[in-house]
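Each chain is listed here by its residues.
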Amino acid sequence: MDSNDSQVIVSETTDKGFLRELIEANLTRRLIPKGLSWFGCMGGLSLVAFIIQLSTGIFLMFYFIPNIRESLASIQHVSHSVPYGWLIQRIHAIGPHIMVGMVFSHMLRILFKGIYRHPRELHWVSGACLLILTLLMYYTGSLLTAHNINGHHPIHLTRIYAIHVAGIPLSMALFMGIHFFMVRKTGICESL
Amino acid sequence: MKDYTKNKSPEMLEPFSPNELFRHIIVSCFLVVVELIAIIIFPLPFKLTSKPDYVPWFLLPLYKLNKLIHSEVVFISLVVVCALLFVSWPYLIPNGTGEHHNLWQRPIPFAIVIITITSVITVCILNL
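Each chain carries its own residue numbering, running from 1 in the written order of its sequence. Numbering of ligands from 1 and lettering of chains from A proceed in the order in which they are written. Where local features are concerned, this predicted model is filtered to residues with pLDDT of at least 70; where side-chain atom pairs are given and counted, the filter is 80 or more; whole-chain, interface and lining totals use all residues. Just so you know, side-chain values use all the structure's heavy atoms and leave hydrogens and water out.

### A short note on the overall build of chain B
Each helix is a run of H or I in the DSSP string that is no shorter than four residues. Each strand is a run of E no shorter than two, and both are numbered from the N terminus. Helix and strand content of chain B: five helices and one strand. In sequence order, chain B lays out its α and β elements as β-α-α-α-α-α. Summary of the burial criterion: residues with accessible area below 20% of their type's maximum are buried, those above 50% are exposed, and those between are partly exposed, where the area comes from a 1.4 Å probe applied to protein chains only. Here chain B holds 128 residues, and the buried ones make up 22% of them. For chain B, the share of sequence-separated contacts (at least 6 apart) that also reach a separation of at least 24 residues comes to 22%. Should any heavy atoms of two residues lie within 4.5 Å, those residues are counted as being in contact.

### Focus: a nonpolar patch on the surface
Together, F18, L19, L22, I23 and L27 of chain A together with L21 and I25 of chain B give the surface a local cluster of nonpolar side chains, amounting to about 620 Å² of exposed area. Mapped by element, the contributors of at least two residues to the nonpolar patch are α1 (3-28) of chain A together with α1 (16-41) of chain B. Ranked by the residues each element gives to the nonpolar patch, the list is headed by α1 of chain A, at five residues. Looking at the element boundaries, L27 of chain A is found in helix α1. Owing to a relative accessible area of 33%, L27 of chain A belongs among the partly exposed residues under this scheme. Residues forming no salt bridge and having over 30% relative accessible area are the ones grouped into patches, like charges within 9 Å of each other and nonpolar side chains (Val, Leu, Ile, Met, Phe, Trp, Tyr) within 5 Å. All accessible-area figures derive from a Shrake-Rupley calculation using a 1.4 Å probe, and residue coverage is judged against the displayed protein chains alone. For salt bridges, the criterion is a side-chain nitrogen of Lys or Arg within 4 Å of an Asp or Glu carboxyl oxygen.

### What about the interface of chain B and chain A?
Each partner contributes to the interface: chain B provides 55 residues, whereas chain A provides 64 residues. Put simply, buried area is the surface a 1.4 Å probe can reach on two separate parts but cannot reach once they are joined, added for both. A combined buried area of about 5600 Å² lies between chain B and chain A, and 70% of that area is made up of carbon and sulfur atoms. Three residues stand out in chain B for area buried against chain A, namely M1, Y4 and F58 of chain B, and they jointly supply 13% of the buried area on that side. At the junction of chain B with chain A, the criterion picks out zero salt bridges. Polar contact is the term for a pair of N or O atoms within 3.5 Å; when the atoms are in protein, one must be able to donate a hydrogen and the other to accept it, and sequence-neighboring residues count only if both atoms are side-chain atoms. Across the contact surface, chain B and chain A share four residue pairs in polar contact (both at pLDDT 80 or more). Counting residues per element, the ones that place at least two in the side of chain B that touches chain A are β1 (13-15), α1, α3 (72-87), α4 (89-92) and α5 (107-126) of chain B. A total of 14 residues in the side of chain B that touches chain A trace back to one element, the largest contributor, which is α1 of chain B.

### Looking at the packing of aromatic side chains
For this analysis, a ring pair means two rings from Phe, Tyr or Trp (six-membered ring only for Trp) whose centres lie within 6.5 Å, classed as stacked if their planes differ by under 30 degrees, edge-to-face if by over 60, and tilted for the remaining angles. A full pass over the atoms with the stated rule returns nine aromatic pairs over all chains. Taken together, a centroid distance of 5.7 Å and an interplanar angle of 65° make the contact between Y116 of chain A and W124 of chain A edge-to-face. For Y116 of chain A, a relative accessible area of 2% puts it in the buried group. Look at Y116 of chain A and W89 of chain B: their rings are 6.5 Å apart centre to centre, the planes differ by 70°, and that puts the pair in the edge-to-face class. Taken together, the residues Y116 of chain A in the loop between α4 (85-113) and α5 (121-150) and W89 of chain B in helix α4 connect one chain to another. Taking the relative accessible area as the measure of exposure, W89 of chain B reaches 11% and is therefore buried.

### Focus on the nonpolar core
In this description, a nonpolar core means a group of buried Ala, Val, Leu, Ile, Met, Phe, Trp, Tyr and Cys residues linked to one another through side-chain atoms lying within 4.5 Å. In terms of nonpolar packing, the biggest core is built from 21 residues, with L45, M102 and M172 of chain A together with L31 of chain B touching the most fellow members. Of all the secondary-structure elements, those providing two or more residues to this core are α2 (42-61), α4, α5 and α6 (157-186) of chain A together with α1 of chain B. With 17 residues, the next largest nonpolar core counts V103, I115 and Y116 of chain A together with V113 of chain B among its residues.

### Quick look at the packing of α2 of chain A against α1 of chain B
α1 of chain B packs onto α2 of chain A with a crossing angle of 50° between their chain directions and a minimal axis gap of 10 Å. What the angle tells us is that α2 of chain A and α1 of chain B run oblique. Relative to α1 of chain B, α2 of chain A is oriented so that their crossing is right-handed. Residues G44, L45, V48, A49, I52 and Q53 of chain A of α2 of chain A touch α1 of chain B, and the partners they reach there are H24, V27, S28, L31, V32 and E35 of chain B. Put simply, Ala, Val, Leu, Ile, Met, Phe, Trp, Tyr, Cys and Pro go in the nonpolar bin, Asp, Glu, Lys and Arg in the charged bin, and everything else, Gly too, in the polar bin. Across the contact of α2 of chain A with α1 of chain B, the residue classes break down as seven nonpolar, four polar and one charged. Axis angles are defined between N-to-C directions and span 0 to 180 degrees, where every axis is a line fitted to C-alpha atoms and, for a helix, only to the segment in contact. Should an angle fall under 35 degrees it is taken as roughly parallel, and over 145 as roughly antiparallel, whereas 65 to 115 is taken as roughly perpendicular and any remaining angle as oblique. Left-handed is the label given to a crossing in which the near helix is rotated counterclockwise from the far helix by less than a right angle, and right-handed is the label when the rotation is clockwise.

### Structural notes on the side chain of S28 of chain B
Of note, S28 of chain B is situated in helix α1. Ignoring any residue separated from it by four or fewer positions in sequence, one finds S28 of chain B in contact with L45 and V48 of chain A.

### A word on the packing of helix α2 (residues 60-68) of chain B against α3 of chain B
The angle between the axes and the distance between the axes are what describe a pair of packed helices. Residues and elements named next belong to chain B. One way to put it is that α2 packs onto α3 with a least axis distance of 9 Å and a crossing angle of 145°. Crossing geometry of α2 relative to α3 is assigned as right-handed. Across from L62, L65 and N66 in α2, the residues of α3 making contact are E72, F75, L78 and V79. Residues that form the contact of α2 with α3 fall into these classes: five nonpolar, one polar and one charged.

### Quick notes on the pattern of salt bridges
All names here are of chain B. Under the definition given, this model contains two salt bridges over all chains. In this structure, the salt-bridge partner of E14 is R23, at a minimum N-O distance of 3.2 Å. For the pair E14 and R23, a shared accessibility class is recorded, and that class is buried. With a shortest N-O distance of 2.4 Å, R23 and E20 are connected by a salt bridge. Remark: E20 and R23 occur in helix α1; sequence separation between them is three residues, near one turn of the helix. Look at R23 and you get buried, because its relative accessible area is 11%. We classify E20 as buried; its relative accessible area is 9%.

Structure, rendered in structure tokens:
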């Protein structure tokens with residue numbers, strides 16, 4: 001065995017050790033306070049609802065054409081011709097109502113419990129920004145279909161589409177990063 | 001990462017996996033089931049129909065406010081001010097001391113929140 005082979009083995013062993021340490025520290029050996037409320041899962045549910053919206057939205061991006069003449073036809077094509085397209089489209093349409101409901105319940109619980117206090121002010125700020133962005137996301141999404149149906153709105157479909165699929169999701173990813181970083185740093189409120 | 005084991009006996013702690021992870025998986029499955037039931041209850045019409053008056057429940061307060069205030073500039077300014085107040089809420093309300101952490105134990109912030117929520121619901125329900 002030459003020195004290069006031994007270096008590769010040491011590197012792989014270190015990588016496996018690092019990965020195992022990461023999983024054990026964050027998952028298998030991690031301890032949390034006992035008796036956390038089931039209502040504490042509302043934040044996690046908002047994330048699940050967002051992931052559902054993101055995955056169905058990516059699917060619809062392959063078929064939707066942000067063009068005044070072709071957009072209505074592309075929506076109809078997904079509904080009637082693409083296998084399970086109707087289901088994906090329906091999930092994407094129903095999802096915002098559930099997602100906003102989850103975010104509202106999460107924020108009301110935080111508000112009434114007073115969990116936004118020091119040192120968790122930034123949790124509230126990032127969460128409130130995420131709620132506003134969620135509402136904007138719905139609004140831009142509804143403009144896409146409303147424009148298709150009415151056909152005479154003087155709005156730029158391509159710009160609204162770009163804001164809906166790239167601008168707002170990227171901003172949301174940024175605020176989510178801040179939110180999760182702060183939650184990891186300060187921890188959840190233990191007096192639940 | 002926050003260490004929850006500090007100043008705590010082992011009886012006060014539980015493992016994250018599987019306890020908390022399982023709790024999250026159960027509620028996530030419940031969410032998916034709710035979403036699928038909603039799809040069955042509200043099916044997609046065969047042809048897309050124009051519904052210009054349709055406003056979702058969570059945008060109803062903004063829609064009503066827009067109807068009440070005729071000036072676009074005043075409406076947008078008011079919405080921006082409300083959004084800023086909402087975002088900066090923890091910095092506007094002083095921290096409660098001692099046991100007074102919950103909102104209902106602090107009369108002034110509690111009154112502000114309840115009056116705001118009640119007025120929003122009233123405006124939406126009464127169709128003003």
